[in-house]
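# Structural characterization, general
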Amino acid sequence: MAVNVRRGLEIPEPSDHSSCEDDDVTYFTDLQKPDNLPESGRVINKLLNNLVDSTWEVISEQEKIKRDEQAARQILVLNATNEMKLPGRTNSIVCSDDGLYLFLGQTHGLSVIRTSTLTCVRTWQDERVELTSISCASLGNATHLLCTVDDMGIARLFVHHMENIYLLKVINETEDINQRSICAKFEVSRSGDFGAAVMTSSGSVWLDVYRFPQDVWLKELETKQATQTPQTTEAKLSPVVLLMKIKPPEIPAGTSLKSPSEVLQKTEQGTIIGSGQNHLISSRQWENQDAAFRKMFMKYLSSNSMRPSQQKAEGPSNCTCHFLLHEGFHSVPGEAKAARDIPIAVCLWWNGSQNLLQYLLLKTPKEKDSEPKPDVLWPNSQEILCSAVSACTRFVVLGLDGQLVTIWDRQFGCPYGNIVIPGDSAICRVKLLLQNQLPVTSLIQGPFLPTLQLVLTCRNGACYSVTAARGGDICTVALIERPTGPGSSVTVAQPVPFLKCLVLLMQRNGEISIWETADGEPVFILNLPPTHVVGSLREPVFLLEPVQKKLYITGDRKTPLVKVTDRKEEESSLFIFSFSENTMMDPYHVTSSAVSEKETRATIIDLEEACNLYFQERADSWKERNRNLAFQWEQLSKRDIK
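Rules used throughout
- Residues numbered from 1 in each chain as written.
- Predicted model: local features only at pLDDT ≥ 70, side-chain atom pairs only at ≥ 80, totals over all residues.
- Heavy atoms only, no water.
- Helix = DSSP H or I, 4+ residues; strand = E, 2+ residues; numbered from the N terminus.
- Buried < 20%, exposed > 50% of the residue type's maximum accessible area, 1.4 Å probe, protein only.
- Areas by Shrake-Rupley, 256 points an atom, 1.4 Å probe, with all protein chains shown as cover.
- Pairing = 2+ DSSP bridges.
- Axes fitted to C-alpha atoms, helices over the stretch in contact; angles between N-to-C directions.
- Contact = heavy atoms within 4.5 Å.
- Patch = residues over 30% accessible without salt bridge, like charges linked within 9 Å, V, L, I, M, F, W, Y side chains within 5 Å.
- Salt bridge = Lys/Arg side-chain N within 4 Å of Asp/Glu carboxyl O.
- Expected span 1.5 Å × (residues − 1).
- Arc of directions from axis to C-beta.
- Phe/Tyr/Trp six-rings, centres within 6.5 Å; stacked < 30°, edge-to-face > 60°.
- pLDDT = per-residue confidence, 0-100.
- Core = buried A, V, L, I, M, F, W, Y, C linked by side-chain atoms within 4.5 Å.

With that out of the way, let us pick up the overall build of the protein. Regarding its fold elements, the protein presents 10 helices and 34 strands. Here the protein holds 642 residues, and the buried ones make up 41% of them. Carbon and sulfur atoms make up 53% of the accessible area of the protein, which totals about 36,000 Å².

In structure tokens form, the structure reads like this:
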């Protein structure tokens, strides 16, 4: 020890200030010379130098590889293949299932466009109406059902038959305009049997579910087709049936019942499973549970969830609903087993709620005037912010507060996966697509579990691509993690159903591009003519048509500011990008996007069959689950847990 003690380490007398400064300078100067270090210090110094040198070499090599890849990667530019002039501003666009017709909601009504010739075949016009949203369902025999909402909150039901448009009904029509309810959303199921409208009036909100007698309508339209002239714009058909009126459920309060027998006497059919409203928890227990939860997970709770309840909204302000096909394990009436894809239920969630509620559509209510109660409740740990349902309606994806994503599998009635998105911004939109690249042999072993491709958009403009497979394998790729500015934030992020592992991104600066989900890099840039710009930068009006593999997007002409007030109509166009005609898209084409949707469909007779399928699937996926479990334990072992 005496050998290693240096003069600089000696503590000088308090009055010897000059000696202290000189000794300190000498000491630090000596430490900079490796020869003056002790043997152990020289070894450590050499190891640190080698580590720093090797690290810089790796970083330099990776940067060189990245620069070479960026130089080698050529982002291809695609121009619009066709253009169609539009009269006025277009707010919404949908297409028929066969891709033959486009339906445009515009400033003065509704337009029908034939995609083969890009010509307007029929219009419904009203100078006082500006349609803002359209939902479409194909009824067959060149007949389509259209549900529209205008800027004044009026919902209308149209039918397009043999290239004629008929107004069937104004949903919220009243004699006194002051008593009229405002429609926020109006959607129709894919089969055209049901419709759902979100209504608001005097601060209250509810969901109206309608039954459409489409079979009767088709017969009546065939009869009227021979008698009415092409100029007829209204048709009196069989009335629409209001199936149920769903109001936001009340928050369950503490029960006053003191024993389980009293609860069973109050519940229907002697059961407390399913509705989520029947319990034996008192008000005091609710408060203690909430306080204990917040104390334990204080640092993980977001600022939104930590707000006092009185600072939140007084009640739900909106509702999001999805129609569901026969995919669940619960029993349904025999009418639900029809040959056509008729929805059997509607699932919905209210703003500010953590529960996903499900109501059966084909059951007969016991009391006509009784308020419907949910048949199934899907609880979640956080508030629901957004949702999406697969085309087969087997999978329901919920974007929750706290960057959480939950995937529910309706076939087994359990979560398919839980995902945590990096960052600190809330999820505002989620899109879902099933990937069907699976071998045929896997279908024989057990139920078909496809790979789910999710595209998530956050409020700060960030965008992520998530791939969730069987066995719990989850891969998250940041497409745009931190926008450099307001112009680079993502406004639209949607997977392309007819292009393998590609996502369409639209940014606020008007840039349109297609990205790969594997490496998170752009591969194509879509350009509008230099004379036009995307119609609405915040909410672009576009459509991905899977049958003909085309992208339709509206664009406005760039007009100088001095001429804006002079023009009477907005000069807008509909631009078409045809991906099937472009040879550069050949490696990405999907053979059949509907195969995976049909293979996920399963007709489950009873609960016993659902349990058998679940156990069979667990047995088939044990290798994937064990591999994922080992990986998670390996990640945990690397963390310094104290």
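A word on the pairing of strand β9 (residues 155–161). Judged by how many residues are buried, β9 sits mostly within the fold: seven of seven residues are covered. Burial along β9 is two-sided: Ala155, Leu157, Val159 and His161 and Arg156, Phe158 and His160, pointing in opposite directions, are all buried. Relative to β9, strand β8 (residues 143–150) is paired through seven bridges, and the arrangement is antiparallel. Directly across from Leu146, in β9, lies its bridge partner Phe158. In sequence, β8 turns back onto β9 through a hairpin of four residues, with Gly153 there showing a positive phi of about 80 degrees.

Let us look at the sheet that holds strand β16 (residues 345–350). In a beta sheet, neighbouring strands are held together by backbone hydrogen bonds and run either parallel or antiparallel to one another. One open sheet holds the four strands; their spatial order is β15-β16-β17-β18, and the pairing between them is antiparallel. Whereas interior strands pair on both sides, the edge strands pair on one side only; in this sheet they are β15 (319–324) and β18 (376–379). For this sheet the average axis-to-axis angle between neighbouring strands, irrespective of direction, equals 20 degrees. Examined bridge by bridge, β15 and β16 share six bridges and lie antiparallel to one another. In the sheet register, Leu324 faces β16, and the bridge partner there is Ala345.

Along the chain, Leu356 falls in strand β17 (residues 355–360). Using a relative accessible area of 2% as the deciding quantity, one classes Leu356 as buried. Along the chain, Leu356 and Ser387 lie 31 residues apart, while their C-alpha atoms are 9.9 Å from each other. Excluding anything up to four places from it in sequence, Leu356 contacts Cys347, Leu348, Trp349, Val376, Leu377, Trp378, Asn380, Ile384, Val396 and Leu398.

A cluster of nonpolar side chains, contributed by Ile44, Leu48 and Leu51, occupies part of the molecular surface with about 300 Å² of accessible area. Within the secondary structure, Leu48 sits in helix α2 (residues 39–72).

If you walk across this open sheet you meet the five strands as β1-β30-β29-β28-β27, and the pairing is mixed. Every other strand in the sheet has two partners, leaving β1 (76–79) and β27 (490–495) as the edge strands with one partner each. Each adjacent strand pair in this sheet contributes to an overall mean axis angle of 25 degrees, direction not counted. Taken together, the five bridges between strand β28 (residues 502–507) and strand β29 (residues 512–516) define a ladder with antiparallel strand orientation. Among the inter-strand pairings, Val503 is bridged to a residue of β29, identified as Trp515.

Bringing helix α3 (residues 214–225) into the picture now. Since the α-helix advances by 3.6 residues per turn, residues separated by three or four positions end up pointing in the same direction. Taking 1.5 Å per residue, 12 residues should reach 16 Å; α3 reaches 16 Å between its end C-alpha atoms and fits that length. Buried residues of α3: Gln214, Trp217 and Leu221, and no others. Burial along α3 is one-sided: seen end-on, the buried residues are contained in an arc of 45 degrees. Away from its buried face by more than 90 degrees, α3 exposes Lys219 and Thr223. The secondary structure elements touched by the buried residues of α3 are β8, β9 and β10 (164–170).

We now examine unusual backbone geometry. The backbone of Met162 shows a phi angle near 50 degrees, a positive value even though the residue is not glycine. With respect to the secondary-structure elements, Met162 resides in the loop between β9 and β10. Notably, Thr393 is not glycine yet its phi reads approximately 60 degrees, a positive angle. Structurally, Thr393 is set in the loop between β19 (384–389) and β20 (395–400). In this structure Thr393 comes out as buried when scored by relative accessible area, which is 4%.

Moving on: the packing of aromatic side chains. Evaluation of the coordinates by the stated rule reveals seven aromatic pairs. With a centroid separation of 5.8 Å and 40 degrees between ring planes, the pair formed by Phe498 and Phe579 is classed as tilted. Here Phe498, found in the loop between β27 and β28, pairs with Phe579, found in the loop between β34 (571–578) and α8 (595–600); they are 81 residues apart in sequence, far enough to count as distant. Given the relative accessible area of 2%, Phe498 is considered buried.

The buried fraction of β10 amounts to six of the seven residues, a majority that puts the element mostly inside the structure. The pairing of β9 with β10 spans six bridges and is antiparallel. Each residue of the ladder has a partner; that of Leu157, found in β10, is Lys169. The turn linking β9 back onto β10 is made up of two residues, and Met162 within it adopts a positive phi angle of 50 degrees.

With that settled, consider the environment of Lys245. Mapped onto the elements of the fold, Lys245 is located in strand β14 (residues 241–246). Once the C-alpha coordinates of Lys245 and Ala196 are considered, the two residues, 49 residues apart in sequence, prove to be 9.8 Å apart. Beyond its immediate sequence surroundings of up to four residues, Lys245 is in contact with Trp206, Leu207, Asp208 and Pro372.

Following the criterion strictly, the structure yields six salt bridges and no others. Between Arg89 and Glu130 there is a salt bridge, with its nearest N and O atoms 2.4 Å apart. Here Arg89, found in the loop between β2 (82–87) and β3 (90–95), pairs with Glu130, found in the loop between β6 (119–125) and β7 (131–138); they are 41 residues apart in sequence, far enough to count as distant. Given a relative accessible area of 17%, Glu130 falls into the buried group.

When the pLDDT values of the protein are averaged, the result is 77; 71% of them are 70 or greater. Across the protein, β19 holds the top mean pLDDT of 95, while helix α6 (residues 441–445) sits lowest at 36. Note that residues 303–313 has pLDDT below 50 and, in this model, nine contacts with residues that lie over four places away or in other chains.

Attention now goes to the nonpolar core. The biggest cluster of nonpolar side chains holds 33 residues, and the ones touching the most others in it are Leu207, Ile246, Leu348, Trp350 and Leu356. Put simply, the parts of the chain that give this core at least two residues each are β12 (194–201), β13 (204–211), β14, β15, β16, β17, β18 and β20. Setting aside anything within four residues of it in sequence, one finds Leu348 in contact with Leu207, Ile246, Cys319, Thr320, Cys321, Asn355, Leu356, Leu357 and Tyr359.

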